[in-house]
Amino acid sequence: MEVPLSGSTPWIESEIVRAGAGAGKTTKLTGQVFEVAEAFAQRNDRFPRLVVTTFTRKATQELRERLVLKALKASDPSWLDYVTSPSQVHISTIHGVLHLFLSRYAHLMEFDNSFQLLSDSEEIKLQKTVLRELLSQGTESDLLDVFGLDVLVRLLQSYLHLEGDSDWRPVSRQELEALAFEQIKQPVEDLCSRANQLSTQVETESWKVFLGQVAGLLQPPADLQSLKSKIGAVASKPRFSKKCGLDKGVHDAFAEVWTDLKKEIKKPSYDPSKWDSLLDLTANFQKLAKPFRQALFREKLNRAQISVGDLEIMTLEFLEKYPQVADQFCEDWDYWLVDEFQDTSPVQLRILSRLMGDRPQFNVGDPQQSIYLFRGARSEVFEQREQ
């Protein structure tokens, strides 16, 4: 689908292209850069200023090399100067673009433009330092006894990530029960299916009864409490013998999964009598998490050090406070190319949409190949952009 956009290059159309694995996306991007640059130069007596983003540093390096090789084959030496000039062709990950944006305008938020990016280990060390300081002041210090420092830091890291999602909120007791059941349901379904298969192989009555009970754990449709009751009512697993009809390895694998399930279902997260205390912990955690986020951000401002994850949070807050700066950044570029568009998270899409403004863009990817779902990417952003 092609959608003409307004702006300084209305004759260049925006495109979104589906390209799966092995479809030559890098070759297509390389060709697109030269095609757009040549057409732009013919009309404007200068090369366009391009931004090319992808999702890995390896991919950005490969693209740079492809552009240089193609430029070396051109008869005009100015092509090589063009594709190797960062001010003309900016090639990076999306976070590289955000780093460039903040390095230009962060001073407006009283933040040092020459900030440094923290490594993962440096980020964790700083988080622990800030957390210890808060806990020493008595801020929900009982959570340290419950979780320990390392686990508490990981929970706070999850909070920092989720807080950027406007749909995030603590769960209610009813939702907690539904979530607990959904979490245990899939492994139980797998176990039931395996029990059904094995029941056709066993030869002794005790094994047939046992596997039949396991196979019926979710019949009729169960909720968490009925599932727990059924698991507790299942007959003891018979001992292995050659007469049972099962291979020893098959028996051991099934027995291990069954034992793990019985242990899992006894955890506090599946015990409604423990949920009130868990919900109280959640409330206390929130009382710690918000000041932790504020204290951590203040310390990062003081040190002029941020993490890669902060780039998105800071850029989004910056754009909401100073929307006119996005227009200024947009004016610095003529055309955008976004590789692996299916791996763009909703937050990243909001940011890019503001930074790109009305500039034409070339988006390429395959929603079936998304590899960053754990980081917030949602393949439906591809379908939404196509529409």
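Treat the numbers as computed from the prediction; the structure is a model and nothing was measured.

Draft legend 1. Inspection of the overall build of the protein at higher detail. The secondary structure content of the protein amounts to 16 helices and eight strands. When each of the 387 residues of the protein is scored for burial, the buried share is 41%. A sequence separation of at least 24 residues applies to 76% of the contacts in the protein between residues at least 6 apart. With the model as given, the accessible surface of the protein reaches about 20,600 Å², and the carbon-plus-sulfur share is 50%.

Draft legend 2. Broad picture of the packing of aromatic side chains. This model, assessed by the stated rule, comprises 15 aromatic pairs. Ring geometry for Phe101 versus Tyr105: centroids 5.3 Å apart, planes at 55°, classification tilted. A residue pair is termed a helical-turn pair when its members lie 3 or 4 positions apart in one helix, as Phe101 and Tyr105 do in helix H4 (residues 94-105) at four residues. Counting every residue linked through ring pairs, the aromatic cluster contains Phe101, Tyr105, Phe318, Tyr322, Phe329, Trp333 and Trp336. The ring of Phe34 carries the charged tip of Lys70 above its face, separated from the ring centre by 5.5 Å. Sitting over the ring of Phe240, Lys248 keeps its end group 5.7 Å from the ring centre.

Draft legend 3. Geometry of the packing of helix H5 (residues 120-136) against helix H12 (residues 272-303). The interhelical angle for the contact between H5 and H12, taken along N-to-C directions, is 125°, at an axis separation of 10 Å. Relative to H12, the element H5 lies oblique. The crossing of H5 and H12 is right-handed. Every residue of H12 that contacts H5 at Glu123, Leu126, Gln127, Val130, Leu131, Leu134 and Leu135 is listed here: Leu288, Pro291, Phe292, Ala295, Leu296, Glu299, Lys300 and Arg303. Along the lines of polarity and charge, the residues of the contact of H5 with H12 split into 10 nonpolar, one polar and four charged.

Draft legend 4. Looking closely at unusual backbone geometry. Cis rather than trans, the peptide bond between Gln219 and Pro220 has omega equal to -10°. Tracing the chain through its elements places Pro220 in the loop between helix H9 (205-215) and helix H10 (224-233). Look at Asp45: it is not a glycine, yet its phi comes out positive at around 60°. With respect to the secondary-structure elements, Asp45 resides in the loop between helix H1 (25-44) and strand S3 (50-54). The class for Asp45 is exposed, based on a relative accessible area of 74%. Although it is not a glycine, Glu340 sits at a positive phi angle of roughly 50°. On the secondary structure map, Glu340 appears in the loop between strand S7 (335-338) and helix H15 (346-356). Given the relative accessible area of 18%, Glu340 is considered buried.

Draft legend 5. Structural context of the packing of H9 against helix H11 (residues 248-264). Closest axis-to-axis distance for the H9/H11 pair is 13 Å, and the angle between their directions is 45°. As the angle between them shows, H9 and H11 are arranged oblique. Judged by the twist between their axes, the crossing of H9 over H11 is left-handed. Taking contact as the criterion, the partners of Trp207, Phe210, Leu211 and Val214 in H9 are, on H11, His251, Phe254 and Trp258. Partitioned by chemical class, the residues of the contact of H9 with H11 number six nonpolar, one polar and no charged.

Draft legend 6. Examining the nonpolar core more closely. Counting 32 residues, the largest nonpolar core has Phe101, Leu102, Phe329, Trp336 and Leu355 as its most contacted members. Core analysis: the second largest hydrophobic core is formed by 30 residues, Ile184, Leu211, Val214 and Ala215 among them.

Draft legend 7. Fine view of H9. Those residues of H9 that sit buried are Trp207, Phe210, Leu211, Val214 and Ala215. An end-on view of H9 places all buried positions within 130° of arc, on one side of the element. Buried residues along H9 sit in contact with helix H8 (173-199) and H11.

Draft legend 8. Fine view of the pairing of strand S8 (residues 361-365). Counting buried residues in S8 gives five out of five residues, a clear majority hidden from the surface. A two-sided burial pattern is seen for S8, the buried positions comprising Gln361, Asn363 and Gly365 on one face and Phe362 and Val364 on the other. When S7 meets S8, the two strands line up parallel, connected through three bridges. Bridging from a neighbouring strand, Trp336 pairs with Gln361 of S8. For the crossover from S7 across H15 to S8, the handedness is right-handed.

Draft legend 9. Representation of the pattern of salt bridges. All chains considered together, the criterion is met by 16 salt bridges. Notably, a salt bridge pairs Lys274 with Asp271, separated by 3.2 Å at the nearest N-O pair. For Asp358, the salt bridge goes to Arg359, with nearest N and O atoms at 3.0 Å. Given a relative accessible area of 31%, Asp358 falls into the partly exposed group. Assessed through its relative accessible area of 3%, Arg359 is described here as buried. Through salt bridges with shared partners, one network takes in Arg46, Arg49 and Asp334.

Cut-offs applied
Residues numbered from 1 in each chain as written. Predicted model: local features only at pLDDT ≥ 70, side-chain atom pairs only at ≥ 80, totals over all residues. Heavy atoms only, no water. Helix = DSSP H or I, 4+ residues; strand = E, 2+ residues; numbered from the N terminus. Buried < 20%, exposed > 50% of the residue type's maximum accessible area, 1.4 Å probe, protein only. Contact = heavy atoms within 4.5 Å. Areas by Shrake-Rupley, 256 points an atom, 1.4 Å probe, with all protein chains shown as cover. Phe/Tyr/Trp six-rings, centres within 6.5 Å; stacked < 30°, edge-to-face > 60°. Lys NZ or Arg CZ within 6 Å of the ring centre and 35° of its normal. Axes fitted to C-alpha atoms, helices over the stretch in contact; angles between N-to-C directions. Parallel < 35°, antiparallel > 145°, perpendicular 65-115°, else oblique. Left-handed = near helix turned anticlockwise from the far one by under 90°. Nonpolar A, V, L, I, M, F, W, Y, C, P; charged D, E, K, R; others polar. Core = buried A, V, L, I, M, F, W, Y, C linked by side-chain atoms within 4.5 Å. Arc of directions from axis to C-beta. Pairing = 2+ DSSP bridges. Right-handed = clockwise from strand over helix to strand, strands pointing away. Salt bridge = Lys/Arg side-chain N within 4 Å of Asp/Glu carboxyl O.

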